[in-house]
Structure formats: structure tokens, C-alpha cells
Amino acid sequence: MTSRAPRSTVGRVIDRWSAWWASDARATVVDVALAASIGVLSVLGLARAASESGTAIPIAAVALLVVQSGALAVRRRWPMAVYAIVGCATIVHAWLGYEANVSGLAVLIAIYTVAANVPFREALGAAGIYVIGMTLSLVGAALQADAAFASFIPEFLINLLAL
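Rules of the game
Residues numbered from 1 in each chain as written. Predicted model: local features only at pLDDT ≥ 70, side-chain atom pairs only at ≥ 80, totals over all residues. Heavy atoms only, no water. Helix = DSSP H or I, 4+ residues; strand = E, 2+ residues; numbered from the N terminus. Buried < 20%, exposed > 50% of the residue type's maximum accessible area, 1.4 Å probe, protein only. Contact = heavy atoms within 4.5 Å. Areas by Shrake-Rupley, 256 points an atom, 1.4 Å probe, with all protein chains shown as cover. Phe/Tyr/Trp six-rings, centres within 6.5 Å; stacked < 30°, edge-to-face > 60°. Lys NZ or Arg CZ within 6 Å of the ring centre and 35° of its normal. Patch = residues over 30% accessible without salt bridge, like charges linked within 9 Å, V, L, I, M, F, W, Y side chains within 5 Å. Salt bridge = Lys/Arg side-chain N within 4 Å of Asp/Glu carboxyl O. Axes fitted to C-alpha atoms, helices over the stretch in contact; angles between N-to-C directions. Parallel < 35°, antiparallel > 145°, perpendicular 65-115°, else oblique. Left-handed = near helix turned anticlockwise from the far one by under 90°. Nonpolar A, V, L, I, M, F, W, Y, C, P; charged D, E, K, R; others polar. Expected span 1.5 Å × (residues − 1). Arc of directions from axis to C-beta.

Asks: How should the overall build of the protein chain be read in this particular structure?
Replies: Helices and strands together make up the secondary structure of the protein chain, namely seven helices and zero strands. Scanning the protein chain from its N terminus toward the C terminus, one meets helices and strands in the order α-α-α-α-α-α-α. Burial analysis of the protein chain (163 residues in total) assigns 31% to the buried set. Residue pairs in contact within the protein chain that sit at least 24 positions apart in sequence constitute 66% of those at least 6 positions apart. Approximately 10200 Å² of the protein chain is accessible, and the part contributed by carbon and sulfur atoms is 71%.

Asks: In this structure, what is going on with the packing of aromatic side chains? I would like to understand it.
Replies: Applying the stated criterion across every chain, the model contains zero aromatic pairs. Taking NZ or CZ as reference, arginine 77 lies 5.5 Å from the ring centre of tryptophan 78, over its face.

Asks: Even after reading the chapter, I still don't get a nonpolar patch on the surface, so can you show me in this structure?
Replies: A contiguous nonpolar patch, built from Trp17, Trp20, Trp21 and Val29 and spanning about 460 Å² of accessible area, is present on the exposed surface. The element best represented in the nonpolar patch is helix 1 (residues 9–21), accounting for three residues. Within the secondary structure layout, tryptophan 20 lies in helix 1. Taking relative accessible area as the criterion, tryptophan 20 reaches 32% and is therefore assigned partly exposed.

Asks: How do you make sense of the packing of helix 4 (residues 79–95) against helix 5 (residues 104–117) when you look at a structure like this?
Replies: Packed helices, taken two at a time, are described by the angle between their axes plus the distance between the axes. Running from N to C, helix 4 and helix 5 point in directions that differ by 155 degrees, and their axes come no closer than 9 Å. By the angle between their axes, helix 4 is roughly antiparallel relative to helix 5. In this structure, helix 4 meets helix 5 at a crossing whose hand is left-handed. Packed against helix 4, whose contacting residues are Pro79, Met80, Tyr83, Val86 and Thr90, the element helix 5 presents Ala106, Val107, Ala110, Ile111, Thr113, Val114 and Asn117 at the interface. Partitioned by chemical class, the residues of the contact of helix 4 with helix 5 number nine nonpolar, three polar and no charged.

Asks: Where do I start with the pattern of salt bridges in this structure?
Replies: When charged atoms on two side chains of opposite charge get close, those side chains can pair. As enumerated under the stated definition, the model contains three salt bridges in all. For aspartate 31, the salt bridge goes to arginine 75, with nearest N and O atoms at 3.0 Å. Here arginine 75 lies in the loop between helix 3 (59–70) and helix 4 and aspartate 31 lies in helix 2 (residues 24–53), a separation of 44 residues in the sequence. The salt bridge involving glutamate 52 is made with arginine 48; its shortest N-O contact spans 3.2 Å. On the criterion of helical spacing, the pair formed by glutamate 52 and arginine 48 is a turn pair, its members being four residues apart in helix 2. Taking the relative accessible area as the measure of exposure, glutamate 52 reaches 60% and is therefore exposed. Among the charged side chains, a salt-bridge network with shared partners connects Asp31, Arg75 and Arg76.

Asks: What exactly am I supposed to notice about the side chain of glutamine 68 here?
Replies: With respect to the helices and strands, glutamine 68 occurs in helix 3. Take glutamine 68: its relative accessible area is 2%, and that puts it in the buried class. Excluding residues that lie within four positions of it along the chain, glutamine 68 makes contacts with Val86, Ala89, Thr90, Ser103, Ala106 and Val107.

Asks: Would you mind showing me how to read helix 4 here?
Replies: Each α-helix turn comprises 3.6 residues. Residues three or four places apart therefore point the same way. For helix 4, spanning 17 residues, the distance from its first C-alpha to its last is 24 Å, which sits close to the expected 24 Å at 1.5 Å a residue. If you check which residues of helix 4 are buried, you get Pro79, Val82, Tyr83, Val86, Gly87, Ala89, Thr90, His93 and Ala94. For helix 4, the arc enclosing every buried residue in end-on projection is 165 degrees, short of the 170-degree limit, so these residues lie on one face. Backbone geometry just after helix 4 places glycine 97 at a positive phi near 90 degrees.

See the structure below:
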């Protein structure tokens, strides 16, 4: 009769780590950390832009950034809803003339989540909506900044490549 040797401490730690890594708890922790970090970086970027221009931090912009980044916390559970929330907040943010910053990453993360977790036909529809929304955001930003549309084409192509 052969006896099996007890698992070493390292083996038990690896087993626990592997179980946690495959769990929904890890996904939730990662999503909340991602949402919080994008939210903090976005608001800090907005505060920096406001201090450089000598204006007050717009409350509406902060609210949009909080909604935009906060939605990412549940991105794996409701990918299409998160994508809709983040996309609408991004378009409104651009059309109100607030400076673009790290918050643009939220849209890319949301569209990635849709592509990774939603059936192909729905993801393809979301990709089309992404192109329309991105165009609206860039047009809104260009109109608010009184910028020439010469900068619109390169920005559009860069965002299209991100898709």
C-alpha cells in the first residue's frame, strides 16, 4: 500500500491561488480596480486642466467621468449596458466641450468587453455604433475647440484602428 505524501505549503498556496484566479471574485476585484483607477486618473486630469486654465472644475464633467468609469465596475455582467452608458457619457462629455483625457480608455475597454463577451452579431452592431459614436465625439470636440477639421481625419483613423 502506497501512501500519498501530504501537499506542501507551496502546493496548497498554488491551489488556493489557482482557485481564486478562476473565480468571479477575482473578475469583480479587477473590474472595480480598473473602474476606480480610470475614474481617479480622469478626475485628476480634469483638475489639472482646470488649474492650468484658471477655471473651476466643472461639476457636470466630474459627474460624467464618475458615471463613465463607475459603469466599468460591472462590465462583465452587463457588457452592452455598460457600453451604452460609457459611450453616451463620452459623447456628452465631448459635446459639452470638456477636455478629453484618460476617460477615452473607458470606451475602448467597454467595446473590448462587448467583443469578448457578446455573440458576434451583437458585437458587430456595437462596433458600428462605436464608429458613429466616435465620429460624434470627434465632431463635438472639434466644434467646441473651434479646431479645423484637418485634425479630425487623423483622430478618426486612429480611433478606427483601435476598434
